[in-house]
Amino acid sequence: MNTETIDHSRPGARSPATGEALSEVDTTPVEAIAGIVEEAREAQADWAKASLGLRSRMLLEAAEAVLERSEEIAEIISQETGKSVPEVLLNEVSGINEYAKVAIKEAEATLGPAKVSISRVAYPGKKAVVESVPRGVVGIIAPWNYPFSIFFKPLFPALLAGNAVVLKPSEFTPRTGAWLAERFTEVLGDGLVSVVQGGGDVGAALLESGIDAVTFTGSVATGRKVAARAGELLIPHSVELGGKDAAIVLADCNFERTLAGITQWALHNCGQNCGAIERLYIEESIADDFVSRLAALFEKVRVAPEFEYCEIGPLQNPAQLETVERHIDDALKKGAELLAGGDRCNGGQGLGFRPTLLDHCTDEMDVVREETFGPVIAVLRVEDEEEAIRRANASNYGLNGSVWTTDLTRGKAIARRLDVGVALVNNHAIPGSMANIPWTGTGDTGTGIAASRYSYPTFIRHQTIFVDSSRGPDPWWFPFNEDTRELSETLIEFSLGSVFSAIKLAGIAKRRVKAIREWVSESGN
Ligand code: NDP
């Protein structure tokens, strides 16, 4: 049997694991979106006035409401993605409360007013404070690979900052986004977390609907369009796009941990992870042994729904399956050696694909250059760490990069040379689940920052409250007279550290203020 047995082509209509038909989801009419954003704006006005403490308590309540029904959402995500319920519970759902708690700490460290230090000599009587003001309504556009957690990553900081949000789930996974919005609405009330459903046209319309900021996670092609349009609209945007992560395995690695770690992070989420290890650079001296053991592990990884306990699900959609097969064909034609996998599974009813290891890959192959986003790893053998670093950095993408070695000092030095947003020693991609580490990259991975205090520029603007308690005019105001030049010269001396200039300045300032007052009072004659 092959995948032609069941038609998987209509986005989100069938389970990718079993081919079973799923419930219909209504598309949001494009002309209704501006109204939804307007309702969000009305709800946001009160939310923005609430204290951070109150917002935090309510968001923890929302996270708890999710966990009370964790089996239900795990089932929905499982149906939409084909991943098993235990996998979904572990990787997408179970961490939401802990994520919220850490996100609250990040908000507390970020949102408080910041006092500005102002020289009392140069600027007498002046005080300023910089406050964080929510943007208003934030659009959150997400893909299908982690349809739940990619929403809650921006959801917490956006809401903690005092915004309302409108979610746009992928049309491949619409029910998950809708469920999340329902749980938050039960706790927060109507309008603060809304959802719009449909394809790319709905995402594009959301950008035109009056939103004040947008976070986008998805492909490079769409991310470019979103960033370009957000630029024209002059709204802040965070775009997080693809990856082609490299792992560098050195001869002195901890063999067992490295084998398990590479298997984990190449195949996690069936490789449909922007932070998946897709390229493995390994020192030639251990390559034969390591690669044959890795291939044996790949063969042991089980694909849903064929096993009760399985490590990975199927590909989520036929386009992803085609990309995987195209990359493998291209690599084999160009001389790669297939050591594990390479074909479909699940009897053709679903979109399952066996974990695939390609050895002796070269830089010309699609599987080394383009994002595969599937359960495939390309092995590239190198002479030494210098060659590994050079070739790992020769990518359009730069999300995660890892080095595997027992020499942690050497590992850190190599990690710093990787042209990526998240550089790791002896692990990979795990910071993606942490609310206090910025998830960001270089090149085609995009300029966006997900999670942590560093993501806040999308969700807040800064407003300065400047208060002047001086009773008289400032000494540098109009009119100019012979003291004006001396004032400038003394200010220069003061800036260069002259201790006497402060006393001198006070005298000049007094004369200047007197002159300005006379000038003003003359206007009354
Ligand atoms: P897409 O870019 O196709 O879609 C992402 C979202 O954008 C979907 O909701 C999609 O709707 C919507 N969309 C499509 N066209 C437009 C448009 N013109 N304007 C606004 N929104 C639009 O990506 P995929 O869903 O295929 O996701 C896979 C990609 O996501 C991979 O390349 C992967 O690397 C990347 N990704 C990046 C991550 C990161 O953190 N850097 C994390 C996870 C994934 P619809 O699906 O309904 O068409």
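For the structure itself, look to the data block above.
Let me sum up the structure you'll find in this document. Everything numeric in this text was worked out from a predicted model, so none of it was measured.

1. Description of helix α9 (residues 220–233)
The periodicity of an α-helix, 3.6 residues per turn, causes residues three or four positions apart to be oriented the same way. With 14 residues, α9 extends 20 Å from end C-alpha to end C-alpha; this agrees with the ideal 20 Å at 1.5 Å per step. Within α9 the residues assigned to the buried category are Val-220, Gly-223, Val-226 and Ala-230. Seen end-on, α9 carries its buried residues on one side only, within an arc spanning 120°. Set apart from the buried face of α9 by more than 90 degrees, the exposed residues are Ala-221, Arg-224, Lys-225 and Glu-232. Those residues of α9 that are buried are in contact with α8 (200–207), β6 (213–217), β7 (237–240) and β13 (397–398). Two residues or fewer past α9, Leu-234 is found with a positive phi of approximately 55°.

2. Some points on the site of the ligand
Lining the immediate environment of the ligand, one finds 28 residues, of which Ala-142, Ser-219, Leu-241, Cys-274 and Glu-371 sit closest. Gly-218 places a polar main-chain atom, nitrogen or oxygen, 3.2 Å from an oxygen atom of the ligand. Take Glu-371: an N or O atom from its side chain is 2.6 Å from an oxygen atom of the ligand. Those elements that provide at least two residues to the shell around the ligand are α8, β6 and α9. For the shell around the ligand, the element with the highest residue contribution is α8, accounting for three residues. Grouping the constituent residues of the shell around the ligand by class yields 13 nonpolar, 11 polar and four charged. The two domains that each donate at least three residues to the shell around the ligand are domain 1 (32–241 + 454–463) and domain 2 (245–437).

3. Examining the packing of helix α2 (residues 52–68) against helix α6 (residues 149–160)
Between α2 and α6, whose axes approach to 9 Å, the crossing angle comes to 150°. Here α6 runs roughly antiparallel to α2, going by the angle between their axes. Considering only the axes of α2 and α6, their crossing is right-handed. Where α2 approaches α6, its residues Leu-52, Arg-55, Ser-56, Leu-59 and Ala-63 are matched on the opposing element by Phe-156, Leu-159 and Leu-160.

4. A short note on the packing of aromatic side chains
For the structure on display, the rule yields 11 aromatic pairs. Ring plane angle 80° and centroid distance 6.0 Å describe the contact between Tyr-123 and Trp-476, whose orientation is recorded as edge-to-face. Residue Tyr-123 is located in the loop between β1 (114–116) and β2 (126–134), and its partner Trp-476 is located in the loop between β19 (460–468) and α16 (482–495); the two are separated by 353 residues in the primary sequence. We classify Tyr-123 as partly exposed; its relative accessible area is 45%. Seen in terms of ring centroids, Trp-144 and Phe-373 are 5.6 Å apart; in terms of plane orientation they differ by 75°. Their pairing is edge-to-face. Of this pair, Trp-144 sits in the loop between β3 (137–141) and α6 while Phe-373 is found in the loop between α13 (366–369) and β12 (376–382), placing the two residues 229 residues apart along the sequence. The same class applies to Trp-144 as to Phe-373, namely buried.

5. Re the environment of Leu-159
Mapped onto the elements of the fold, Leu-159 is located in helix α6. We classify Leu-159 as buried; its relative accessible area is 0%. When the C-alpha positions of Leu-159 and Gly-136 are compared, they lie 9.9 Å apart, and in sequence the two are 23 residues distant. Each residue touching Leu-159, except ones within four places of it in the same chain, is listed here: Trp-47, Arg-55, Leu-59, Ala-164, Val-165, Phe-184, Leu-188, Leu-192 and Val-193.

6. Some details on the environment of Ala-287
Counting through the fold element by element, Ala-287 comes out in helix α11 (residues 284–300). The exposure class of Ala-287 is buried, given its relative accessible area of 0%. C-alpha separation for the pair Ala-287 and Val-382, spaced 95 residues apart in sequence, amounts to 9.0 Å. When neighbours within four sequence positions are excluded, Ala-287 is seen to be in contact with Ile-282 and Arg-381.

7. Some points on the pairing of β12
β12 sits mainly inside the fold: seven of its seven residues count as buried. Burial along β12 is two-sided: Val-376, Ala-378, Leu-380 and Val-382 facing one way and Ile-377, Val-379 and Arg-381 facing the other are all buried. Two strands pair when backbone bridges link them, and strand β11 (residues 356–359) and β12 are joined in this way by three bridges, in the parallel orientation. Looking across to β12, one finds that Thr-356 is bridged to Val-376.

8. Notes on the sheet that holds β2
Strand order in the open sheet formed by three strands is β1-β2-β19, with antiparallel pairing between adjacent strands. Here the strands that pair on one side only, and so sit at the sheet edges, are β1 and β19. Recorded for the sheet is a direction-independent mean angle of 25° between the axes of neighbouring strands. As paired strands, β1 and β2 are joined by three bridges and run antiparallel to one another. Each residue of the ladder has a partner; that of Ala-114, found in β2, is Val-130.

Thresholds, definitions, all that
Residues numbered from 1 in each chain as written. Predicted model: local features only at pLDDT ≥ 70, side-chain atom pairs only at ≥ 80, totals over all residues. Heavy atoms only, no water. Helix = DSSP H or I, 4+ residues; strand = E, 2+ residues; numbered from the N terminus. Expected span 1.5 Å × (residues − 1). Buried < 20%, exposed > 50% of the residue type's maximum accessible area, 1.4 Å probe, protein only. Arc of directions from axis to C-beta. Contact = heavy atoms within 4.5 Å. Near = heavy atom within 4 Å. Polar contact = N/O pair within 3.5 Å; in protein donor to acceptor, adjacent residues only side chain to side chain. Nonpolar A, V, L, I, M, F, W, Y, C, P; charged D, E, K, R; others polar. Domains from an automatic or database assignment. Axes fitted to C-alpha atoms, helices over the stretch in contact; angles between N-to-C directions. Parallel < 35°, antiparallel > 145°, perpendicular 65-115°, else oblique. Left-handed = near helix turned anticlockwise from the far one by under 90°. Phe/Tyr/Trp six-rings, centres within 6.5 Å; stacked < 30°, edge-to-face > 60°. Pairing = 2+ DSSP bridges.

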